[in-house]
Number of protein chains: 2
Amino acid sequence: MTGHVPGTQREIRRRNLSRVLYAVAGQGPCSRAAVAARLGLTRTAVSTLVEELLRAGLLTEQGPTPPGGGPGRPGTALALPDRGPCGLGAEIGVDHLAVCAVDPRGRVRASTRIVSDGRDSAPEPVLARLRELVDDVAVRAREEGLVPAGLAVAVPGLVARGTTTVVRAPNLGWHGIDLAPALTGAGTAPGNEREGLPLAVDNEANLGAVAELWLDHTRVPRDFVHVSAEIGIGAAVVLDGELLRGTRGFAGELGHVPVHPQGPRCACGGRGCLEQYAGESAVLRAAGLTADGDRAAALTALAERAARGEVRVRSALEDAGTALGIALAGTVSLLDPRAVVLGGALARFAPWLRPALERELAERTAAPEAAVELLVSQLGGEGPLLGAAHAAVRVVLDDPLSYVASRVG
Amino acid sequence: MTGHVPGTQREIRRRNLSRVLYAVAGQGPCSRAAVAARLGLTRTAVSTLVEELLRAGLLTEQGPTPPGGGPGRPGTALALPDRGPCGLGAEIGVDHLAVCAVDPRGRVRASTRIVSDGRDSAPEPVLARLRELVDDVAVRAREEGLVPAGLAVAVPGLVARGTTTVVRAPNLGWHGIDLAPALTGAGTAPGNEREGLPLAVDNEANLGAVAELWLDHTRVPRDFVHVSAEIGIGAAVVLDGELLRGTRGFAGELGHVPVHPQGPRCACGGRGCLEQYAGESAVLRAAGLTADGDRAAALTALAERAARGEVRVRSALEDAGTALGIALAGTVSLLDPRAVVLGGALARFAPWLRPALERELAERTAAPEAAVELLVSQLGGEGPLLGAAHAAVRVVLDDPLSYVASRVG
């Protein structure tokens, strides 16, 4: 063999261990033979990989395989464990903090959520409070036999690619805040704080998008644009199952796509950005409501009045749908995705946004052959938090060898 | 080794042969030792790969390595050949047809270009004429000791991903035209027509973009948006050195991004698309010129009057630059590229488009941290044709084993 690259064998083993875990995750409890058939590997190869994963506690065996569980002789069924590593997800919202723990099967095993006014907040007390919540959820996860393997944090702002630094979160008023100093060591067992968990920080729209991809994959395709709203409007672009991050990590700023170029001045410096028409404040204002006080109450009032058919509220949401449709029509022309997914607060208001949005998309997308599907998220506002926790647990499924090494170390 | 995938060894050899060719292409004539150092392979491994490539005629040896040509003892220098495989590129323009042949060193060795009014043309005579031109260039390439290895065709329209079918080319009036029946066998040696060359068909903006990436890589980064214009406006998105094609192959339709959503009706069905403000017809009309007759003459007049400072012409180009800036600001917010490259006819008019375009980009891009670089193509209108020919020759460099097999067969 020419040009042998050192580490290739180990890489293949690492990848195959991961493929076995995802095969079991994808089809539920199943036999070794079913895994082998699904992956196109020999049964001998799969047995070796499975033994290693059983030893590491990353697979478990359950009674006999159910009938029809796969070709070959019956055997014990393989399943992902409900003990062992778990992922911690956290969310810094504009008016809340939330944390949850997800086990390797993808089930939420502990969670907490508090009201927290983050608008123009100092980062230190918010992060100290978040750390307490992470510690609390980690303790409860450990009581369930789980071991936190990583922490991922969703933030309503731009995160520099490959870092833990929030470059800009306008609604929090945060600029250039590195979350690592405040969160390193959070979620670890008492006495182990210095061995911090792997920490990832990402934009909430990005984590909401991967949640759609991972948790609703029978409905959501592998090429889509995910649009979400809390106070601002964010989007994430998923291409062939991978997030498009952009050169600096700032891709997906749909809220600042110009809709009416001579429109009102936006905080970003531009004019007539989508947020000026479909952002939460703009919609509440157009509907005759205010967002100065309790934001959750204002949104609930908006939804109730829309459901009752109040003309001014319906009209405000229709205008927002039109603006979303204009911005998304441009996005579809540029990216040719298979679907657009409305997530976050947009999912809640989809019934009233959708007609105008679909009309604009249909009229404006350049290729009638390229009609895009419009889906409404079934995760809604829970998407970013679930995406964060799943991202943290998938680090283990992606790279089981490192997890094993970390437990030995 | 568990889970051995058959073919992996062959895949590694294929990839390493290709890496050796690109290493020589990238640094010019160089020693085996220099290739080994560049690729991180052993000299023994590189020698084996080089012998195979020499036998296949994909590398040649030239006198001794120049001093400083790399570490280790002096030896003969390796170079890509100026004989052997070549790529044929063809372009179907709105008012021209062009063909060229590029050798493995990337030099144009034969080319031809004719005026051809393609507007609302029947495909059959255009494709028959193109086939004659391809045959003519192939004969001349063969006289130079080259063997056509593939044909790639640039078209001003949408091509269904992975096919040779032009789904829609509005300025030609073509819909659903498969180029394969007309072009299969073009460029082959007489008597060999049934063994057609590999044929690829792609959008002209896509091929213009890869030409920038491959031919101007010291200046153009690996993440950029390439905007070009002939009659319409097209764009191509390159992410990490790869074209973004979109689910159906229709990504990059910047010309139909809404700029003024209530603006004039566009042929695509939308309103106020970028083409209505920065497309060739719109600009010529605003400048008081007409594109009904000789398009090339009209564009030359536009450039001359702009250079003379005619107010109406300058104003028309400034308005086009503003519209481009609005559409590109949205694009930059969505994709966070490192650069925007103005190509095709836009390169020629860049001096007058650029001030307004840069002003809009600066005001409207959401992240001031993410300022994008604006580059003007040095290939201009030649980009798509060169991109096509290079794409055809790179098929051989990407997969030398298949080339060797095809010559044996």
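Fair warning: this is a prediction, and the values are worked out from it, not measured in the lab.

Summed over all chains, the structure comprises eight cavities of 30 Å³ or more. Quantified by volume, the largest cavity comes out at close to 150 Å³. Residue lining of the largest cavity: 16 residues in total, with B:Ala278, B:Glu280, B:Val283, B:Leu346 and B:Phe349 positioned closest to the centre. Looking at the lining of the largest cavity, the elements with two or more residues in it are α8 (280–286), α9 (295–308), α10 (311–335) and α11 (345–348) of chain B. A per-class count over the lining of the largest cavity returns 13 nonpolar, one polar and two charged. Approximately 130 Å³ is the volume found for the second largest cavity. Forming the walls of the second largest cavity are 15 residues, and the residues nearest its centre are A:Ala278, A:Glu280, A:Val283, A:Leu346 and A:Phe349. Contributions of two or more residues to the lining of the second largest cavity are made by α8 (280–286), α9 (295–308), α10 (311–335) and α11 (345–348) of chain A. Sorting elements by how many residues they give to the lining of the second largest cavity places α8(A) first, with three residues.

In a soluble, globular protein the nonpolar side chains are often hidden away together inside. Core analysis: the largest hydrophobic core is formed by 100 residues, its most contacted members being A:Val227, A:Leu254, A:Leu302, B:Val227, B:Leu254 and B:Leu302. With near-sequence residues (within four places) excluded, B:Leu254 lies in contact with A:Leu334, B:Val227, B:Ile233, B:Ala235, B:Leu274, B:Ala327, B:Leu328 and B:Thr331.

Under the present numbering, the feature "domain: HTH marR-type" (unreviewed entry) in UniProt falls on residues 19–62 of chain A. Each end of residues 19–62 of chain A is marked by a C-alpha atom, and these two atoms are 20 Å apart; helix forms 68% of the span and strand 7%.

This part takes up the sheet that holds strand β7 (residues 158–159) of chain B. Backbone hydrogen bonds hold the strands of a sheet together, and the pairing may be parallel or antiparallel. All names here are of chain B. A sheet is described by the order of its strands in space; here three strands give the open sequence β7-β8-β9, paired in antiparallel fashion. Among the strands making up the open sheet, the edge pair consists of β7 and β9 (174–178). Here four bridges tie strand β8 (residues 165–169) to β9, and the two strands are oriented antiparallel to one another. Along β9, the bridge assignment pairs Thr 165 with Asp 178.

A few words on α10(A). For α10(A), which comprises 25 residues, the first-to-last C-alpha distance of 35 Å matches the rise-based estimate of 36 Å (1.5 Å per residue) to within 8%. Phi turns positive one or two residues past the end of α10(A), at A:Asp336, with a value near 50°.

Okay, the relation of the copies chain B and chain A next. By a simple turn and slide, chain B fits onto chain A: the slide is 0.1 Å along the axis, the RMSD is 0.1 Å, and the turn is 180°. Here the two chains are linked by the operation of a two-fold rotation axis. Of the C-alpha atoms belonging to chain B, the one lying closest to the rotation axis is found on B:His260, 3.1 Å away. In this assembly the copies share their binding face: 100% of the residues contributing to the interface of chain B also contribute to that of chain A.

A separate point is the interface of chain B and chain A. How big an interface is tends to be expressed through the accessible area that disappears when the partners come together. The partner chain A presents 58 residues to the 58 residues of chain B that form the contact. Around 4,800 Å² of area is buried between chain B and chain A when both sides are counted, 59% of it from carbon and sulfur atoms. At the boundary of chain B and chain A, one finds two salt bridges. The closest approach of N and O atoms between A:Asp336 and B:Arg248, which form a salt bridge, is 3.0 Å. Our count for the contact surface shared by chain B and chain A stands at 26 residue pairs in polar contact (both at pLDDT 80 or more).

All names here are of chain A. Considering every residue of chain A, the mean pLDDT works out to 89; 92% of them sit at 70 or more. Summarising per-element confidence for chain A, the mean pLDDT is lowest in helix α14 (residues 400–408) (78) and highest in strand β4 (residues 96–102) (97). Confidence over residues 1–6 falls short of pLDDT 50; this stretch has 13 contacts with residues more than four positions distant or in other chains.

Below, the discussion takes up the sheet that holds strand β15 (residues 373–376) of chain A. All names here are of chain A. Taken in spatial order, the five strands line up as β13-β12-β11-β14-β15 in an open sheet, and their pairing is mixed. The open sheet terminates on both sides in strands that have one partner only, identified here as β13 (242–244) and β15. Geometrically, the sheet is characterised by an average inter-axis angle of 25° between neighbouring strands, direction not taken into account. Packing of α10 onto the sheet brings it into contact with β11 (224–229), β12 (233–239) and β14 (339–342), and relative to β11 it is tilted by some 155°. Contacts from helix α12 (residues 350–364) reach β14 and β15 within the one sheet, and its direction differs from that of β15 by about 170°.

Thresholds, definitions, all that
Residues numbered from 1 in each chain as written. Chains lettered and ligands numbered in written order. Predicted model: local features only at pLDDT ≥ 70, side-chain atom pairs only at ≥ 80, totals over all residues. Heavy atoms only, no water. 1 Å grid on protein atoms, 1.4 Å probe; cavity = no way out; pocket = protein on both sides within 12 Å on 5 of 7 lines; lining within 4 Å. Points joined across faces, edges and corners; volume = space filled by probe spheres on them. Helix = DSSP H or I, 4+ residues; strand = E, 2+ residues; numbered from the N terminus. Nonpolar A, V, L, I, M, F, W, Y, C, P; charged D, E, K, R; others polar. Core = buried A, V, L, I, M, F, W, Y, C linked by side-chain atoms within 4.5 Å. Buried < 20%, exposed > 50% of the residue type's maximum accessible area, 1.4 Å probe, protein only. Contact = heavy atoms within 4.5 Å. UniProt positions renumbered as here; feature names shortened; annotations may be inferred. Pairing = 2+ DSSP bridges. Expected span 1.5 Å × (residues − 1). Least-squares fit on C-alpha atoms with pLDDT ≥ 70 in both. Buried area = accessible area lost by both parts, 1.4 Å probe. Salt bridge = Lys/Arg side-chain N within 4 Å of Asp/Glu carboxyl O. Polar contact = N/O pair within 3.5 Å; in protein donor to acceptor, adjacent residues only side chain to side chain. pLDDT = per-residue confidence, 0-100. Axes fitted to C-alpha atoms, helices over the stretch in contact; angles between N-to-C directions.

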